[in-house]
Amino acid sequence: MVKHIILWTLNPELSEEEKTAVKAGIKEGLEGLVGRVPGLLDVKVHVDGRLASSNADVMLDSTLESAEALKAYATHPAHVAVANGKVRPYTVQRACLDFEL
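My aim in this report is to walk through the structure given alongside it, one point at a time. (Residues numbered from 1 in each chain as written. Predicted model: local features only at pLDDT ≥ 70, side-chain atom pairs only at ≥ 80, totals over all residues. Heavy atoms only, no water.)

**A short note on the nonpolar core**
Here is step 1: In terms of nonpolar packing, the biggest core is built from 23 residues, with W8, I26, L30, L33, V45, L60 and Y73 touching the most fellow members.
Here is step 2: Of all the secondary-structure elements, those providing two or more residues to this core are β1 (2-10), α1 (16-31), β2 (40-46), β3 (58-64), α2 (67-75) and α3 (77-87).
Here is step 3: Element by element, the count of residues in this core is highest for β1, at four residues.
Here is step 4: Other than its neighbours up to four places away in sequence, L30 contacts W8, V43, V45, L60, Y73, H79 and V82. (Core = buried A, V, L, I, M, F, W, Y, C linked by side-chain atoms within 4.5 Å. Buried < 20%, exposed > 50% of the residue type's maximum accessible area, 1.4 Å probe, protein only. Helix = DSSP H or I, 4+ residues; strand = E, 2+ residues; numbered from the N terminus. Contact = heavy atoms within 4.5 Å.)

Following this line, the structure appears as structure tokens:
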């Protein structure tokens, strides 16, 4: 199995209301991919409870069957649609950590 973890920083020009809406959209969009993308076993998007010591706004914690499933996930049309419509337009920084369990 493979863990795929992403941290995003939202655009600081967004209002607090916009950030709340964007976070909800990211969470709904990415968590909704389970069962639609082959090999994607679990997705949790963390948007609440952020402490002041944090330097990211949103965390994706996902589990996939294999490295091959991760490669397929990256280009799957449903994932690309969420990334292009709900994530990329509103984020200014991304950090990724992928590792095998």
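**Remarks on the sheet that holds β1**
Here is step 1: Across the sheet, which stays open at both edges, the four strands sit in the order β2-β3-β1-β4 with antiparallel pairing between neighbours. With one partner strand each, in any of the chains shown, β2 and β4 (91-100) form the two edges of the open sheet. Neighbour-to-neighbour, the strand axes of the sheet open up by a mean angle of 15°, direction not taken into account.
Here is step 2: The pairing of β1 with β4 spans nine bridges and is classified as antiparallel. In the sheet register, L7 faces β4, and the bridge partner there is A95. (Pairing = 2+ DSSP bridges. Axes fitted to C-alpha atoms, helices over the stretch in contact; angles between N-to-C directions.)

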